[in-house]
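Here's the letter readout for the chains.
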Amino acid sequence: MTTLVRPEQKAPPPHKRKGVTQQQRPLWLLTPGGILLILIVLIPLALAVYLSLLDLDQYTLRRWIEAPFIGLDNYVESFDSGLLHSIWISVSFSVLSTAVTVPIGIAAALVTQNAYRGRGLVRAAFLIPYVLPSFVVASVWRTMLQPDGVVNAWLSKVGVDGGLWLSGPKSYWTLVLVEIWAAWPFIYLMALAALQSVDHEVHEASAVDGVTWWPKLRRVILPYLRGPVLLACLLATLNHINNFTLPFVLFGAPAPDDVNVMPMLVYVTSFQSLRFGLSAAMAVVSLIIIAIPLYVYLRAVRLDVHEEGGRR
Amino acid sequence: MSASAEATRLLPRPMLATLTVLLCAMVLIPVSYIVLASLNSDVGVASGEFWPSSWSLESYTKIWTTADLSTGIVNSLIVCSCTAVASALLGTTTAYVLVRYSFLGRLTILRGLVGLQSIPGTLMLLPVFVLFSSAGNYLGLTVIGTRWGLFVAYLTFALPFSTWVMVTYLRGLPRELEEAARTDGASTVVILWRIIFPLSLPAIVVAGIFAFLLGWNDVLFASVLTRPETHTAAVALSIFGSAQEGGALPVYSQMMAAALICALPVVLLYLAFQRYLVGGLTAGSVK
């Protein structure tokens, strides 16, 4: 964790830019990976869009080339089959999870910034939720949140009736809470990397000026974190929206109506109702939803070492 | 030393201590629950005990017969290892060309590699499923339910991911060695094999581990593309979990033991490669 400052963050010496293009370019080296990428990524993606225009069900599935073409009917139907509800659930769940994980992640980064005995252990502990596979996290919380499980046993000790966590209206909050538990270390990692890029002189200058901790944090330190944390927020939100494993393992399929997020809706429509064309349309719509944050993210992320300065 | 430590401290000491304790409790209570519950009896866990009233290692021996976990783990290991090796090696060659040479469409490819990681898995799974299930009709091949079918499906997200990990590493690698070798008349293949591969071995390992973990943690693809004999560990655990409710005697202690066993390879990989993995996580801003 001490290697967070990566070598490529330094600006490359200017003379390096030459010699990139001049030599013969062994583009054939792209072919094994490139052909595979086209075969298994681009063709399926194009096919997904085409499928969304077909009336494809379990009878036509094996001969999908001959399946009837029905234009945009699937898209029209998808809005009558609860897609808007799922979009709302997905988006609100993702934004809420991101909003809560940010302060937790930043706080965790702040408390592990300074060396003290046992810090290594604390840092390792902070990574546990992130390291554990999603399906393990979901299985564990599913067990703890059973009607007779340990959470309700504790709640009843303080006189609170926990009730049902895995179905009914509370399931939405269960999903949010478990997602927060599993996802905050990502923000922590990004915030920690940003904290470590703050020069020591900055700290010393604040100490000399006698600034107390809160103004120092707000005016001096947090501005350093803004860029990286915003980027992390975008990526975290995208990951929340696409998270299938957590709702699937926590609640099973079909999911309760209150946690019927977009990936669950697409999954159930295709693999339980066997309406493949309809679910392809839903999946394409969900891609359009995430396209906005994804576009912003792609503009912000550093793609290339050869592009210097602000040009992108 | 202590004065400089004092200068970089960001929070007052009591607040720092409180926050650390709170955060650790938030993480460690559920984590210790997994361990404690797996050492408890099934009845104890089902009645909501945190601290076991009776301790035993029975769950760890019983689980292998209650659930088909061993098949799942073997399948996961085979499929994910193949995915890791294939995507790390192909990813390295592709990334090398992407980093060192400029050509038309290069930025589009780079952008695509990043973008692909945020595409909904369901959007990829649908066409893959349709192609696989129609392969029997059009090509006379059985793909659904086979390990190699799952392997190909995993490559759809592991390959762009590993390629991107390698791009972020290779662009930080100095060019001098390759240029020297080229002046000595070495061909690109020799440079790749004798210079790039040995120099970027740590990154190749990380790219492979990430690809392995993507497969190991996947439930979506495996739940659709496997049949009972080819189930992965993740699918075995989630089926086992959903079978507990509605059944007569839920065996939650065994389930927690199974959860720990499934988490073990991942935790070991992270412990062994912690430095590299955390660096890779933040450098590329990839998940």
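Procedures and definitions
- For every chain, the first residue of its written sequence is number 1, and the numbers climb from 1 along that sequence.
- Both sets of labels track the order of writing: A upward for chains, 1 upward for ligands.
- In view of the model being predicted, local features appear only for residues whose pLDDT reaches at least 70, and side-chain atom pairs are presented and counted only at 80 or more, with totals across whole chains, interfaces and linings using the full set of residues.
- By the convention adopted here, residues make contact when the C-beta atoms placed from their backbones lie within 7 Å.
- Each helix is a run of DSSP H or I of at least 4 residues and each strand a run of E of at least 2, with the numbering of both proceeding from the N terminus.
- In this classification, the charged set is Asp, Glu, Lys and Arg, the nonpolar set is Ala, Val, Leu, Ile, Met, Phe, Trp, Tyr, Cys and Pro, and all remaining amino acids, among them Gly, are polar.
- UniProt positions are given in the numbering used here, feature names are shortened, and annotations may be inferred rather than shown by experiment.
- Every residue is assigned a pLDDT by the predictor, reflecting its confidence on a scale from 0 to 100.
- Domain extents, as shown, originate in an automatic or database domain assignment.

1. Section: the interface of chain B and chain A
- Contact residues are listed per partner, giving 95 residues for chain B and 95 residues for chain A.
- Here the side of chain B that touches chain A takes 13 residues from helix 7 (residues 121–138) of chain B, the largest share from any one element.
- Residues that form the side of chain B that touches chain A fall into these classes: 59 nonpolar, 28 polar and eight charged.

2. Some thoughts on unusual backbone geometry
All names here are of chain A.
- With an omega of -5°, the peptide bond running from Ala 253 to Pro 254 counts as cis.
- Position of Pro 254 among the secondary structure elements: in the loop between helix 10 (245–251) and helix 11 (262–271).
- One non-glycine residue, Leu 274, adopts positive backbone phi at about 60°.

3. A look at the UniProt feature "domain: ABC transmembrane type-1" (unreviewed entry) in chain A
- UniProt's feature table lists "domain: ABC transmembrane type-1" (unreviewed entry) at residues 87–297 of chain A, given in the numbering used throughout.
- A distance of 20 Å separates the end C-alpha atoms of residues 87–297 of chain A, which is 77% helix and 0% strand.

4. Concerning the confidence of the model for chain A
Residues and elements named next belong to chain A.
- When pLDDT is averaged across chain A, the result is 84; 89% of the residues are at 70 or more.
- Looking over chain A, one finds the lowest element-wise mean pLDDT in helix 8 (residues 200–209), namely 83, and the highest in helix 3 (residues 83–111), namely 95.
- Here residues 305–312 scores under 50 on pLDDT; set against residues more than four positions off or in separate chains, the count is nine contacts.

5. Comments concerning the domain arrangement of chain B
Residue and element names in this part refer to chain B.
- When cut into domains, chain B gives domain 1 (2–59) and domain 2 (64–283).
- For domain 1 versus domain 2, the separation of C-alpha centres amounts to 31 Å.
- Elements represented by at least two residues in the side of domain 1 that touches domain 2 include exactly helix 2 (13–39) and helix 3 (42–46).
- The leading source of residues in the side of domain 1 that touches domain 2 is helix 2, at four residues.
- Class assignment for the residues of the side of domain 1 that touches domain 2 results in five nonpolar, four polar and one charged.

6. A closer look at the UniProt feature "transmembrane region" (unreviewed entry) in chain B
Residues and elements named next belong to chain B.
- As annotated by UniProt and renumbered to match this structure, "transmembrane region" (unreviewed entry) occupies residues 73–99, 119–139, 151–170, 191–216 and 251–273.
- Spanning residues 151–170, this segment combines 100% helix with 0% strand, and its end C-alpha atoms are found 26 Å apart.
- Measuring from the first to the last C-alpha atom of residues 251–273 gives 34 Å, for a span that is 91% helix and 0% strand.

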